[in-house]
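Structural features, examined
Each chain, letter by letter, is given below.
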Amino acid sequence: MPAAARGVKECIRGREGYRQRERRMRKVHILIADESALMRRGVAVLLERERAWQICAEAESPRLAVAQARRLRPTVSIVSLESVVQRCALIKQLAAAAPRTQVLVLTNDETPHGLRDALMLGARGYLLRSEADRNLVPAIHALSNLRPYVSPGVSQLLIDAFLRGPRGTHRSVLTVREQEVLRLLAQGRSVKEIASELDLSAKTVEAHRANISNKLGARSLADLVRCAIRHGIVDA
C-alpha cells in the first residue's frame, strides 16, 4: 500500500478511535433525586464541570426516581432525600429496579449507622453535603468506574472504629502503612491515586491491598462494614 494511502487510513482509524473514546466518555448518565428543585439545581451545577457527563433525569419524589431509573438505566443515581425512611426505601427500590446503576447517597448524616444502612441496602457511595463542592465529582468518577466511595469524614470515623476493635485486635494485625492504604481504599481512591498520594508504586499498593484483604477478610467496603458490625465495633 502506498505511503499516502496508509497515512489516510491511519488518520481515519485515529478519528474513529477518538469518536469511540468520546462515545464511551458520554456514557456516564446521572439521575438526581431530591425534593428540592434548588438542591437538584445545585448538584447539577457542580456536575456541569464534567462535559462528558449528562444529567439524564431529575426526580422530586421516590416514585418518580424509581420509574426514571427503571426506564433510563442511569450510570449513577444520586439520592439526596432528607427523610431517612424515604431515603432507605428508595435505595432498596433503586437496587431492585436498576441493579447496574450505582447509587450515591448525598446526606447530612455523618454517623456510621447512616453509612451502614445505606451500604447494606445497596448504595455504593456515601457523601456528606458539606463536602459535595469538592468531593462530588471524585465520587461520581469512582462510582462510574465501579469503585465504592465514602465521604472522607465518615470513612475516617468508620476505619478508626474498625481498627480500634476489641482490645486493639485489628490495629495490631495491620501495619501503619496498611492502615493508611485501608483508609484511602475506603474513600474510593484508585490504586494509582493511592500510589501517588503515598509516594509508592502501584505494585506496592496492590500488595498492601492483598495483605489487608487476607488479614481482615474484607474484600470490599460493604464487607468491611459487615465485619465491623459482626464484631460489635459499630453498633447494629
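Report on the accompanying structure. Since this is a predicted model, take the numbers as computed values, not measurements.

Parameters at a glance
Residues numbered from 1 in each chain as written. Predicted model: local features only at pLDDT ≥ 70, side-chain atom pairs only at ≥ 80, totals over all residues. Heavy atoms only, no water. Pairing = 2+ DSSP bridges. Helix = DSSP H or I, 4+ residues; strand = E, 2+ residues; numbered from the N terminus. Contact = heavy atoms within 4.5 Å. Axes fitted to C-alpha atoms, helices over the stretch in contact; angles between N-to-C directions. Parallel < 35°, antiparallel > 145°, perpendicular 65-115°, else oblique. Left-handed = near helix turned anticlockwise from the far one by under 90°. Nonpolar A, V, L, I, M, F, W, Y, C, P; charged D, E, K, R; others polar. Buried < 20%, exposed > 50% of the residue type's maximum accessible area, 1.4 Å probe, protein only. Core = buried A, V, L, I, M, F, W, Y, C linked by side-chain atoms within 4.5 Å. Salt bridge = Lys/Arg side-chain N within 4 Å of Asp/Glu carboxyl O. Right-handed = clockwise from strand over helix to strand, strands pointing away.

Notes on the sheet that holds strand E1 (residues 28–33)
Reading across the sheet, the six strands line up as E2-E1-E3-E4-E5-E6 and stay open at both edges, with parallel pairing between neighbours. Two strands lie at the open edges of the sheet, namely strand E2 (53–59) and strand E6 (149–150), each paired on one side alone. As judged from the four bridges shared by strand E3 (residues 76–79) and strand E4 (residues 102–107), these two strands associate in the parallel manner. Bridge pairing in E4 links Val76 to Gln102. Against the sheet, helix H6 (residues 132–144) engages E1, E2, E3, E4, strand E5 (125–128) and E6, with an angle of about 165 degrees to E4.

Some details on the packing of helix H4 (residues 84–97) against helix H5 (residues 112–121)
Where H4 contacts H5, the axes come no closer than 8 Å and their chain directions differ by 25 degrees. Here H4 is positioned roughly parallel relative to H5, judged by the angle of their axes. Our pair here, H4 against H5, has a crossing hand that is right-handed. Residues Cys88, Ile91, Lys92 and Ala95 of H4 form the contact with H5, whose participating residues are Asp117, Ala118 and Leu121. Looking at the contact of H4 with H5 residue by residue, the classes come out as five nonpolar, no polar and two charged.

Topic: unusual backbone geometry
Positive phi, close to 50 degrees, is recorded for Arg73, a residue that is not glycine. Among the secondary structure elements, Arg73 is positioned in the loop between helix H3 (62–72) and E3. Even without a glycine there, the phi angle at Asp199 is positive, about 60 degrees. The topology assignment puts Asp199 in the loop between helix H10 (191–198) and helix H11 (202–216). Look at Asp199 and you get exposed, because its relative accessible area is 71%.

With respect to the nonpolar core
Counting residues in hydrophobic clusters, the biggest one holds 24 residues, and the most contacted among them are Leu90 and Leu94. Looking at this core, the elements that each hand over two or more residues are E1, E2, H3, H4, E4, H5 and E5. Broken down by element, this core gets its largest block of residues, four residues, from H4. When sequence neighbours within four positions are dropped, the list of residues in contact with Leu94 reads Ala65, Val66, Ala69, Ser77, Val79, Pro99 and Val103. Counting residues in each nonpolar core, the second largest holds 22 residues, with Val43, Ile78, Ala142 and Leu143 among its members.

Some thoughts on the pattern of salt bridges
What the rule picks out here adds up to seven salt bridges. Arg40 is the partner of Glu58 in a salt bridge, and the nearest nitrogen-oxygen pair spans 3.0 Å. Placement of Glu58 in strand E2 and of Arg40 in helix H2 (residues 37–47) is noted, with a sequence separation of 18 residues between them. Through salt bridges with shared partners, a single ionic network connects Asp34, Glu82 and Arg129.

Digging into the pairing of E1
Most of E1 is tucked away, with five of its six residues classed as buried. Across six bridges, E1 lies against E2 in parallel orientation. In the strand pairing of E2, Ile32 is matched with Glu58. With H2 bridging E1 and the parallel E2, this β-α-β connection has right-handed handedness. Relative to E3, E1 runs parallel, the two being bridged by four bridges. Directly across from Leu31, in E3, lies its bridge partner Ser77.

Observations concerning the packing of H3 against H4
H4 packs onto H3 with a crossing angle of 15 degrees between their chain directions and a minimal axis gap of 9 Å. With respect to their mutual orientation, H3 and H4 come out roughly parallel. Like other packed secondary-structure pairs, H3 and H4 cross with a definite hand, here right-handed. In this structure, H3 uses Pro62, Ala65, Val66, Ala69 and Arg70 to contact H4, whose residues at the interface are Gln86, Leu90, Gln93, Leu94 and Ala97. Its residues assigned to classes, the contact of H3 with H4 shows seven nonpolar, two polar and one charged.

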